[in-house]
Amino acid sequence: MKKGMKKSIYAVFDIGKTNKKLILFDEQQQIIDEQLHVCTDVLDDDGFSCDHLPRLTEWVLKHWQDLRQSPHYTVKGVNFTAYGASFVHLGADGQPMAPLYNYLKPIPEEIQQQFYAELGQSPDEFAAETCSPQLGMLNSGLQLYWLKYAKPELYARIHTSLHLPNYLSYLLTGEKFSDYTSVGCHTALWDYQRRQYHDWVRREGIDEKLAPLTKDSIASVVDGIMVGVGLHDSTSAVMPYLAENDEPFVLISTGTWSVTINPFNSQPLTPELLRRDCLSFMTPRGEATRASRVFLGREHDHQVERIATYFHVKPDFYRSIVLARPYDETSTLFTPACMAGTGPFPDQPAADWDLSGFRSASDAYQHLMHGLINILLESIHLVWQGEKTIFVDGGFARNPLFMQTLSWNFPKAEIRTLEVPQATALGALVHLEQGEAWKKTQLLFT
């Protein structure tokens, strides 16, 4: 690059519950810079902790201005990915006028009972239609219902409610949109069978508070910079894999939760599948995608801590174990402690797994890995349709025992790790490239 020439880049704001990041990509989709923002929680108007919306807003706007005025970069596009089930409520003046309520905040029992009593259908039928298990505030539509009846004066002043990714886009464009990936993530807003907002949304007038839905990935072009609409982080994380692969696949995204996503399975969910922790995501174009969840990372860390304490070894003892052993039938059956009410066996009560029959920490860990994978297999089979490729990303992709044991259970499939650095942020960039404005403005750059 000649001296004095600016480098063309794309920017993605990746807003997680814990980490908020700005990631810059070059034109070859390689990461060239990453900036982290740690945002301390504040208390909402009920004294429950939540993200500090004014500080987050200020951080995004400051970096946006810095990028536009940068002597080193020419910004060609910017997009946003963020955690779901979170609304920013705007008043008539276009400014936020309520806290960014935490999706872990409990909804009062009487409000929840009132909601389900007025539905005219059973909770199971409603959950199947909306692909939304009863998750309290994680069903973000219920947040609006709660505001309407618990804080009517506040609710009356709300002009527009935007899911968090769409709010970040609005900050830069002033354009208000809803995107399908945010509306479709267990919000209880969307009727998957009729492919429209559920009847209760219109009955309660909630639809009047929601911005128009768009299938386009670009909200606006601001001074020649394409600004994305934003999308939900779980959907965003799948986009790089879809861009790289023509053949059907399943993605197992591992972390505290292990989420198995099948972008090629659009079968409707039954009450039984919902009970076993399946859910649907929506693609940016409004198509259903089936997924299943297991509290795998949390269970793993809990049991590793127990094994280390029991055998008096270091907490990271398992990192030196690289060869998986076949399942030992004589060992004490593995019983999870952290999965009750979740995953493919929601009825299994929490129990203390007996470690006294193992000779060493290594023996216990080998058995733990088989136990965890047996539970994960049940979850995978709820969404798998015989796809020949299974991708694993996240922490367990770097665990040799996990990968070996998993591959033994899928002899006819290829288990792959496609280590995509910052897959969620890259997915938002891939999404931006699919917009109509992108196709038109590329002519300006060539």
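Residues numbered from 1 in each chain as written. Predicted model: local features only at pLDDT ≥ 70, side-chain atom pairs only at ≥ 80, totals over all residues. Heavy atoms only, no water.

## Some details on the UniProt feature "domain: Carbohydrate kinase FGGY N-terminal" (unreviewed entry) in the protein
Those residues carrying the UniProt feature "domain: Carbohydrate kinase FGGY N-terminal" (unreviewed entry) are residues 10-200 in this numbering. With 35% helix and 25% strand, residues 10-200 has its two end C-alpha atoms placed 40 Å apart. (UniProt positions renumbered as here; feature names shortened; annotations may be inferred. Helix = DSSP H or I, 4+ residues; strand = E, 2+ residues; numbered from the N terminus.)

## Remarks on unusual backbone geometry
Unusually for a residue other than glycine, A85 sits at a positive phi of about 55°. Classification of A85 by relative accessible area gives buried; the value is 1%. If you check the backbone angles, A188 has positive phi at about 65° while not being a glycine. Of note, A188 is situated in the loop between α7 (180-183) and β10 (190-191). (Buried < 20%, exposed > 50% of the residue type's maximum accessible area, 1.4 Å probe, protein only.)

## Some details on the environment of L355
Here L355 is to be found in the loop between α11 (296-311) and α12 (361-381). Separated by 103 residues in sequence, L355 and I252 have C-alpha atoms that sit 29 Å apart. The contacts of L355, once residues within four sequence positions are left out, are R306, I307, Y310, F311 and A364. (Contact = heavy atoms within 4.5 Å.)

## Observations concerning helix α14 (residues 423-432)
Counting buried residues in α14 gives 10 out of 10 residues, a clear majority hidden from the surface. Among the residues of α14, those classed as buried are A423, T424, A425, L426, G427, A428, L429, V430, H431 and L432.

## Considering the pattern of salt bridges
Considering all chains together, one arrives at 20 salt bridges under this definition. Across the salt bridge formed by R359 and D363, the nearest N and O atoms sit 3.2 Å from each other. (Salt bridge = Lys/Arg side-chain N within 4 Å of Asp/Glu carboxyl O.)

## Examining the packing of helix α2 (residues 109-117) against helix α4 (residues 140-150)
Taken N-terminus to C-terminus, the directions of α2 and α4 make an angle of 110°; their axes are 10 Å apart at the nearest point. Taken together, the axes of α2 and α4 lie roughly perpendicular to each other. In this structure, α2 crosses over α4, and the sense of that crossing is right-handed. Residue-level contacts link I111, Q112, Q114 and F115 of α2 to L142, Y145, W146, Y149 and A150 of α4. When grouped by side-chain class, the residues that make up the contact of α2 with α4 number seven nonpolar, two polar and no charged. (Axes fitted to C-alpha atoms, helices over the stretch in contact; angles between N-to-C directions. Parallel < 35°, antiparallel > 145°, perpendicular 65-115°, else oblique. Left-handed = near helix turned anticlockwise from the far one by under 90°. Nonpolar A, V, L, I, M, F, W, Y, C, P; charged D, E, K, R; others polar.)

## Describing the UniProt feature "domain: Carbohydrate kinase FGGY C-terminal" (unreviewed entry) in the protein
The positions UniProt marks with the feature "domain: Carbohydrate kinase FGGY C-terminal" (unreviewed entry) are residues 247-433. The distance from the first to the last C-alpha atom of residues 247-433 is 21 Å, and the span holds 33% helix and 17% strand.

## Remarks on the pairing of strand β18 (residues 278-282)
Put simply, side chains in a regular strand alternate between the two faces of the sheet. Burial analysis of β18 places five of its five residues in the buried class, which makes it a mostly covered element. Side chains of β18 alternate between two faces, with C278, S280 and M282 and L279 and F281 buried alike. Looking at chain direction, β18 and strand β19 (residues 288-294) are connected through five bridges and run antiparallel. Note that in β19 the partner of L279 across the bridge is A291. Counted between consecutive antiparallel strands, the loop separating β18 from β19 contains five residues, among which G286 sits at a positive phi close to 90°. (Pairing = 2+ DSSP bridges.)

## Some details on the packing of aromatic side chains
Within the structure shown, the criterion is met by 27 aromatic pairs. Ring geometry for F249 against F391: centres 5.4 Å apart, planes inclined by 75°, an arrangement best described as edge-to-face. Within this pair, whereas F249 is found in strand β16 (residues 249-254), its partner F391 is found in strand β20 (residues 389-394), the two being separated by 142 residues in sequence. Here a set of aromatic residues connected by ring pairs shows up, and it is made of F115, Y116, F126, Y145, Y149 and W200. The ring of Y103 has K17 lying over it, and the distance from NZ or CZ to the ring centre is 5.2 Å. Over the ring of W257 we find R293, and its NZ or CZ is 3.9 Å from the ring centre. (Phe/Tyr/Trp six-rings, centres within 6.5 Å; stacked < 30°, edge-to-face > 60°. Lys NZ or Arg CZ within 6 Å of the ring centre and 35° of its normal.)

## Remarks on the pairing of strand β3 (residues 31-37)
Relative to β3, strand β2 (residues 20-25) runs antiparallel, the two being bridged by six bridges. Residue pairing across strands places I23 opposite E34, the latter belonging to β3.

## Some words on the side chain of H186
Mapping H186 onto the fold places it in the loop between α7 and β10. Overall, the relative accessible area of 12% leaves H186 in the buried class. Here L138 takes part through its backbone oxygen, which lies 2.9 Å from a polar atom of the side chain of H186. Those residues within four positions of H186 in sequence are excluded, and the remaining contacts are A85, C131, S132, L135, L138, N139, S140, L279 and S280. (Polar contact = N/O pair within 3.5 Å; in protein donor to acceptor, adjacent residues only side chain to side chain.)

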